[in-house]
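As a plain string of letters, each chain reads:
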Amino acid sequence: MTNPAPLSVEMFDAASLRNACQQTSNPLSLYRQACDDARAWLDRGFHAGEDIVELIHLRAAFLDQLLACVWQQFDWQDATITLAAVGGYGRGELHPHSDIDLLILTGTGCESCEQSIESFIALLWDIKLNIGHSVRSIEQCVEEAAAEITVATTLAESRLILGSSRLLETMQAATGPDQLWPSDQFFRAKWDEQKARHSKYADTEYNLEPNVKSSPGGLRDIQTIGWIALRQYGESDPEGLAELGFLTADELNILINGRNFLWRVRYALHMLTGREEDRLLFDHQRELAVLFGYEDSDMRLAVEQFMQQYYRWVLALGQLNEVLMQHFDQVILRADGPEEMTELNSRFQIRNGYIEARTTSVFDKTPSALLEIFVLCAQNEEIEGIHAATIRQIRDRRDLIDDAFRRDPRSRRLFMELLKSPHKLARQLRRMNRYGILGKYLPEFGKIVGQMQYDLFHIYTVDAHTLEVIKNMRRFLFPEFSDLFPVTSRVASRLPKMELLYIAGLYHDIGKGRGGDHSELGAADAERFCQNHGLNKVDTNLVRWLVTHHLFMSGVAQRKDISDPDIIQEFASVVGDQLHLDYLFALTVADINATNPTLWNAWRGSLLRQLYTETKRALRRGLENQIDKHEWIAQTQQKALEQLEDRGFTAEEVEDLWAESGEDYFLREQAEDIVWHTEAIAQHFDKETALVLVKPRTESQVELATQIFIHARAQDYLFSVVAAALEQLELSVHDARVYKSIDGMAMDTFYVLDANGESIAEDPARIRYISTYLSEQLQDRDRYPEIVKRRTSRQIKFFSVPTETTMHIDPVRKVNVLEVTTPDRPGLLARIGRIFFDYGIELQAAKIATLGERVEDVFFITTADHKPIEDESLCAEIQSAICKELDEQAT
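Reading the values: the criteria
- Residues numbered from 1 in each chain as written.
- Predicted model: local features only at pLDDT ≥ 70, side-chain atom pairs only at ≥ 80, totals over all residues.
- Heavy atoms only, no water.
- Helix = DSSP H or I, 4+ residues; strand = E, 2+ residues; numbered from the N terminus.
- Buried < 20%, exposed > 50% of the residue type's maximum accessible area, 1.4 Å probe, protein only.
- Contact = heavy atoms within 4.5 Å.
- Areas by Shrake-Rupley, 256 points an atom, 1.4 Å probe, with all protein chains shown as cover.
- Lys, Arg positive; Asp, Glu negative; His and termini not counted.
- Charge placed at Lys NZ, Arg CZ, Asp CG, Glu CD.
- Patch = residues over 30% accessible without salt bridge, like charges linked within 9 Å, V, L, I, M, F, W, Y side chains within 5 Å.
- Salt bridge = Lys/Arg side-chain N within 4 Å of Asp/Glu carboxyl O.
- Axes fitted to C-alpha atoms, helices over the stretch in contact; angles between N-to-C directions.
- Parallel < 35°, antiparallel > 145°, perpendicular 65-115°, else oblique.
- Left-handed = near helix turned anticlockwise from the far one by under 90°.
- Nonpolar A, V, L, I, M, F, W, Y, C, P; charged D, E, K, R; others polar.
- Pairing = 2+ DSSP bridges.
- pLDDT = per-residue confidence, 0-100.
- Phe/Tyr/Trp six-rings, centres within 6.5 Å; stacked < 30°, edge-to-face > 60°.
- Lys NZ or Arg CZ within 6 Å of the ring centre and 35° of its normal.
- Core = buried A, V, L, I, M, F, W, Y, C linked by side-chain atoms within 4.5 Å.

Colleague: What is the right way to look at the overall build of the chain in this model?
Modeller: Tallying secondary structure elements over the chain gives 40 helices and 17 strands in all. In terms of overall dimensions, the chain has a C-alpha envelope of 105 × 75 × 50 Å along the principal axes. Looking at the chain as a whole, 57% of its 891 residues qualify as buried. In the chain, the share of contacts with a sequence separation of at least 24, taken over all contacts with a separation of at least 6, comes to 72%. Of the roughly 37,700 Å² that the chain leaves accessible, carbon and sulfur atoms contribute 47%. A gap of 4 Å separates the mean positions of the 95 positive and 138 negative side-chain charges of the chain.

Written as structure tokens, this is what we have:
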């Protein structure tokens, strides 16, 4: 607990304020002005680079004197009463808009003080102070503290402002560790409290919009250490804990400098927002980056540099918290328990489930032991973790990892041994990252530690994402995850060398932040790693190929028409063989799931499975034996015809129904869906009325997606009408196929999920409503549903990334391929559809890919007479119109 610093008269003259208050019957405006002046004085100091510790303490000192002036306005008679600061204010730490927590402690003679207390609190509210207060006797304090750990914690930090010091000291003694919450119970409660808080932030320091106070590695973690130390040692000040030997010199440096950095960030947040705002929202990150002096460079934005500094500090503080909490566990909870020892070798042993160095000189004598300890953890399932003292040794000796260490054959052998280990590999790599070992051994990895990816697509920093990829790869091998990854689990179990997949995972994004193609940069680093670690040429080439092509499979699945055999043949030609396909499939699934959990859904999984299955068939058939399109169509038609004949149709009837349909329809649709469509069209006699069919679940490539089939007279704006209606129904389109028959009928298929990417198959009432609503919207050709005008989210508005488009002619399909990349927003497809109408464009098909809050949509378009648009100036004009329409909507 820190006593507030003395105030300069320039900041606040308490004597002048008291004199002025005595000369007026309503001093409220004087108090408010004093608060405004003090805040402005402190803010000027912040902008001038004054010591943040002094600013924080000065604000507490100012409040002490202001509250004393207000308190002395009231007649407390002869009552024994105390005004005390508690919580952060009790520690003498106040940010511009922090809660001002007060305890009014009542003793003898306070029965007549009730009105004065109420008036005192009311006046503080009128001054517009953000106070939190409680009025308690000593007995009530004891009762509340015994029942609630947070109350006991708050009272432990109580500090006298005015009144009876003896009364406060009596309360502190009555609620101290000798009376309530002994150290072991207090520690257990605080540890549980921290675990619950961390779980709200996914147990990671790397949240996209972290909370400076509450996220892992934040200020609350520092405070938790102080509270436990205060209970155990009677000391919470960092310097005092260092004098007691509880903190090493390096730990003290991390704690002080990390805390001060977070204090500056929190002060700036409060100052910029004018309220108690502890969340580093996107809106504020850019402002703080500028305020902290960062500038955009050719390779990295200022905000990315600022956030990397933030992430590195909270990672260091989180790791320090982990060490100290484990130390508390060993000295408080386990001190008197039985001790079990298992000797592993001459360097390490297991003590009560935790591995530890047998001497303090282990790493000095055998530097490669810095890697060996993690190998032992990955080979011995009984090891729960690393002993706190040994973590400190690892951190203090990590500078032993230099070029000579990296060249040492023992080091290289140990790292490869780790990648081949059976137990908790992902956990060991995370530990190595937290303790600074992974980034020291692989300097290229060290560059991406804490590196933010400033978009709504990636929710992790590059290093956190990379380690999450490895975690997913491990999951493929565990039976409990086979339901989540049914195909990938089978594929991964067949991979001859899992360590090659792990290496590709480690290096697939390692080139980010350097400028240039990160896949190529990472591939070069991966090749160098493989050569240095003794991999043969075949394995090295495979790893390099995987890193180079790690985005290839997802790009094809999400942006190309994988029902087209030419696309499958082209993809298979790049992959080359089954081994490359298996490794690439496993890497792709692990990567998507580690980028953003919301990206992986049944639809995206089914696309990858379809691409994998069709490519596997193409490879089995032989790349030289490409399937003929007409053969493909004939096979599909024959399969559909057989099913229709089983339902009572004759071949002649079916041929008549199919006569007006083009080849594309039979090339791209599954036989089961053609049967469903044909049967419904045959029973629908009024061609002037739209036929709307909703199929809850398909059996093939669009598993769990709901298929909406529309057979209607082709008309202007049809795509826009349907897209807008689906938007109003809060459905997300994931694929669209548009066909126009010779007789002028449109046959459009949309595959949809709900707005959260989930199936609607189990909601029959909603499916009936969808069918009815779409039929009504399509019935009146002169009426179009209003484009949805839902509020664009705060995050999307902030990431006002300009729309990007490309357009080229596909010489095989004879269509223009238009790619649109833009932040997702309401009414997007409907607006693009209107532009198509304005320019007389026929939409042949669409691939809709929503990646987090970003869409990457591909449209296959032609002129009205089904020819590609060859006029380059017209192509540019169409793209310009799309960009203008979408970007104006986003503002």
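Colleague: Help me out: how do you make sense of a negative patch on the surface in this one?
Modeller: A surface patch of negative charge is lined by Glu 642, Glu 645, Asp 646, Glu 652, Glu 653, Glu 655 and Asp 656. Residue assignment for the negative patch shows that the elements contributing at least two residues are helix H32 (629-646) and helix H33 (651-658). Per element, the largest residue contribution to the negative patch is four residues, and it comes from H33. Here Asp 656 is to be found in helix H33.

Colleague: What should I look at first to understand the packing of helix H6 (residues 138-147) against helix H8 (residues 165-174) in this one?
Modeller: A pair of packed helices is characterised by two quantities: the angle between their axes and the separation of those axes. Contact pair H6 / H8: the axes reach a minimum separation of 9 Å and the direction vectors enclose 30°. The orientation of H6 with respect to H8, classified from their angle, is roughly parallel. Along this stretch, H6 crosses H8, giving a crossing that reads as right-handed. Across the interface between the two elements, Ile 138, Cys 141 and Val 142 from H6 touch Leu 167, Thr 170, Met 171 and Ala 174 from H8. Here the residues of the contact of H6 with H8 sort into six nonpolar, one polar and no charged.

Colleague: Explain the environment of Ala 557 to me, please; I cannot follow it from the model alone.
Modeller: Mapped onto the secondary structure, Ala 557 falls in helix H28 (residues 552-559). Distance in space between the C-alpha atoms of Ala 557 and Arg 604 is 8.2 Å, their sequence separation being 47 residues. Beyond its immediate chain neighbours, meaning those up to four positions away, Ala 557 contacts Ile 562, Leu 607, Leu 608, Leu 611 and Lys 847.

Colleague: Is there a simple way to explain the sheet that holds strand E6 (residues 348-351) in this structure?
Modeller: Hydrogen bonds between backbone groups are what pair the strands of a sheet, and the pairing can be parallel or antiparallel. Spatially, the four strands line up as an open sheet ordered E5-E6-E7-E8, and their pairing is mixed. This sheet does not close on itself; its edge strands, each paired only once, are strand E5 (341-343) and strand E8 (385-386). Here three bridges tie E5 to E6, and the two strands are oriented antiparallel to one another. Residue pairing in the sheet places Glu 343 in a bridge with Gln 349 of E6.

Colleague: Is there a simple way to think about the confidence of the model for the chain in this case?
Modeller: Any region with low pLDDT has predicted coordinates that should not be read closely. Per-residue confidence for the chain gives a mean pLDDT of 88, with 94% of residues at or over 70. Throughout residues 698-702 the model reports pLDDT below 50, and contacts reaching past four residues in sequence, or to other chains, amount to 15 contacts. A low-confidence stretch, residues 784-790 stays under pLDDT 50, and its non-local contacts, those more than four residues away or across chains, total 22 contacts.

Colleague: Can you help me understand helix H20 (residues 425-434) in this one?
Modeller: Most of H20 is tucked away: seven of the 10 residues are buried. Leu 425, Ala 426, Gln 428, Leu 429, Arg 431, Met 432 and Asn 433 are the residues of H20 that are buried.

Colleague: Explanation requested: the pattern of salt bridges in the structure shown.
Modeller: Oppositely charged side chains are able to pair whenever their charged atoms sit close together. Counting across every chain of the model gives 39 salt bridges. Ionic pairing is found between Asp 509 and Lys 512, a salt bridge with its closest N-O pair at 3.5 Å. Among the ionic pairs, Arg 544 bridges to Glu 520, the shortest N-O distance being 3.9 Å. You can see Arg 544 sitting in helix H27 (residues 537-548) and its partner Glu 520 sitting in helix H26 (residues 518-532), a full 24 residues away along the chain. The exposure class of Glu 520 is partly exposed, given its relative accessible area of 38%. Through salt bridges with shared partners, a single network forms among Arg 91, Glu 93 and Glu 157.

Colleague: What's the story with the packing of aromatic side chains in this structure? I'm lost.
Modeller: Counted by the stated rule, this structure contains 32 aromatic pairs. Relative to Phe 328, the ring of Phe 187 has its centre 6.0 Å away and its plane inclined at 55°; by these criteria the two rings are tilted. Within this pair, whereas Phe 187 is found in helix H9 (residues 183-199), its partner Phe 328 is found in helix H14 (residues 302-333), the two being separated by 141 residues in sequence. A residue is classified by how much of its surface remains accessible, and Phe 187, at 0% relative accessible area, is buried. Among the residues examined, Phe 328 registers a relative accessible area of 0% and is labelled buried. Each member of the aromatic cluster is reached from another via a ring pair, and the members are Phe 187, Trp 191, Tyr 233, Phe 246 and Phe 328. Over the ring of Trp 263 we find Arg 259; its NZ or CZ atom is 4.3 Å from the centre of that ring.

Colleague: When you look at the side chain of Arg 259 in this model, what are you seeing that I'm missing?
Modeller: Within the secondary structure, Arg 259 sits in helix H12 (residues 249-273). For the buried Arg 259, no salt bridge is present, and the opposite-charge side chain at shortest range is Glu 93, 5.2 Å distant. In this structure, Arg 259 is in contact with Val 53, Leu 219, Ile 222, Pro 238, Ile 254 and Leu 317, ignoring residues within four places of it in sequence.

Colleague: Before we go on, may I ask you to explain the nonpolar core in this structure?
Modeller: The tendency in soluble globular proteins is for nonpolar side chains to be buried side by side. Core analysis: the largest hydrophobic core is formed by 213 residues, its most contacted members being Leu 66, Leu 67, Tyr 89, Phe 120, Leu 124, Leu 129 and Phe 415. Sort the elements by how many residues they give to this core and H14 lands first, with 15 residues. For Leu 66, the contacting residues outside a window of four places in its chain are Phe 12, Leu 17, Tyr 31, Ala 34, Cys 35 and Leu 129. In this structure, Phe 719, Ala 746, Val 752 and Leu 829 belong to the second largest nonpolar core, which totals 49 residues.

Colleague: Quick question: what am I supposed to make of the side chain of Thr 106 here?
Modeller: Residue placement: Thr 106 occurs in strand E2 (residues 100-106). Thr 106 sits in the buried class, given a relative accessible area of 17%. Setting aside residues no more than four positions away along its own chain, Thr 106 makes contact with Thr 80, Ile 81, Ile 117, Val 135, Arg 136, Ser 137, Ile 138 and Leu 167.

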